[in-house]
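# Coordinate inspection notes
Each chain, written out:
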Amino acid sequence: MPTLQGSLPPELANNVVRLYRECLRRATFIGKQQHNTELVVGMVRQQFKKHMNETDPEKIQKLKDDAARGLINHMLFESAKLTGRKVSQRS
């Protein structure tokens, strides 16, 4: 199964700690815009903490892909907002 992490810089995609930090940065950014920083950052922390003892390599890869997908989606959304383009949504 192909991974989404190819869309991210390798130093971020291959390192869970860096991925976590980038997710926290994005959560802080979103939280400041919506005035709920503690809630959004708390949700990110909760998800990483929930899976911190995972040992199955396939499940770890899936979790990393999910985090990468969230980052990519946010970057695309912000980019579209800046350029004034409409973001298409899939069901």
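A brief look at the structure comes next. For clarity, every value in this text was computed on a predicted model and none was experimentally measured. (Residues numbered from 1 in each chain as written. Predicted model: local features only at pLDDT ≥ 70, side-chain atom pairs only at ≥ 80, totals over all residues. Heavy atoms only, no water.)

On to the environment of Phe48, then. Within the secondary structure layout, Phe48 lies in helix α3 (residues 37–50). For Phe48, a relative accessible area of 21% translates into the label partly exposed. Sequence separation between Phe48 and Lys64 is 16 residues; the distance between their C-alpha atoms is 9.9 Å. Setting aside residues up to four positions removed in sequence, Phe48 forms contacts with Val16, Leu19, Tyr20, Cys23 and Ala67. (Helix = DSSP H or I, 4+ residues; strand = E, 2+ residues; numbered from the N terminus. Buried < 20%, exposed > 50% of the residue type's maximum accessible area, 1.4 Å probe, protein only. Contact = heavy atoms within 4.5 Å.)

Another aspect to go through is helix α2 (residues 16–34). Count 3.6 residues to each turn of an α-helix, and residues three or four apart come out pointing the same way. Here α2 contains 19 residues, and its C-alpha end-to-end distance of 26 Å stays within 8% of the 27 Å for a straight helix at 1.5 Å per residue. Buried within α2 we find Leu19, Glu22, Cys23, Leu24, Ala27 and Gly31. Immediately downstream of α2, the backbone of His35 shows phi near 60 degrees, a positive value. (Expected span 1.5 Å × (residues − 1).)

This next bit is on the packing of α2 against α3. Viewed as axis vectors pointing N to C, α2 and α3 meet at an angle of 160 degrees, and their least axial separation amounts to 7 Å. Considering the angle they form, α2 stands roughly antiparallel to α3. Crossing hand, α2 versus α3: right-handed. Where α2 approaches α3, its residues Val16, Leu19, Tyr20, Cys23, Leu24, Ala27, Thr28, Gly31 and Lys32 are matched on the opposing element by Thr37, Val40, Val41, Val44, Arg45 and Phe48. (Axes fitted to C-alpha atoms, helices over the stretch in contact; angles between N-to-C directions. Parallel < 35°, antiparallel > 145°, perpendicular 65-115°, else oblique. Left-handed = near helix turned anticlockwise from the far one by under 90°.)

Right, let's talk about the pattern of salt bridges for a bit. Under the definition given, this model contains five salt bridges. Here Glu22 ties to Arg26 by a salt bridge, and the two come within 3.2 Å at their closest N and O atoms. Note that Glu22 and Arg26 are positioned in helix α2 at a spacing of four residues, about one turn of the helix. On the basis of relative accessible area, Glu22 is assigned to the buried category, the value being 18%. For Arg26, a relative accessible area of 23% gives the class partly exposed. In this structure, the salt-bridge partner of Asp66 is Arg69, at a minimum N-O distance of 2.8 Å. (Salt bridge = Lys/Arg side-chain N within 4 Å of Asp/Glu carboxyl O.)

A few words now on the side chain of Glu78. Note on placement: Glu78 falls in helix α4 (residues 57–83). Judged by its relative accessible area of 12%, Glu78 is buried. Those residues in contact with Glu78 that lie beyond four places of it in its chain are Phe29 and Gln33.

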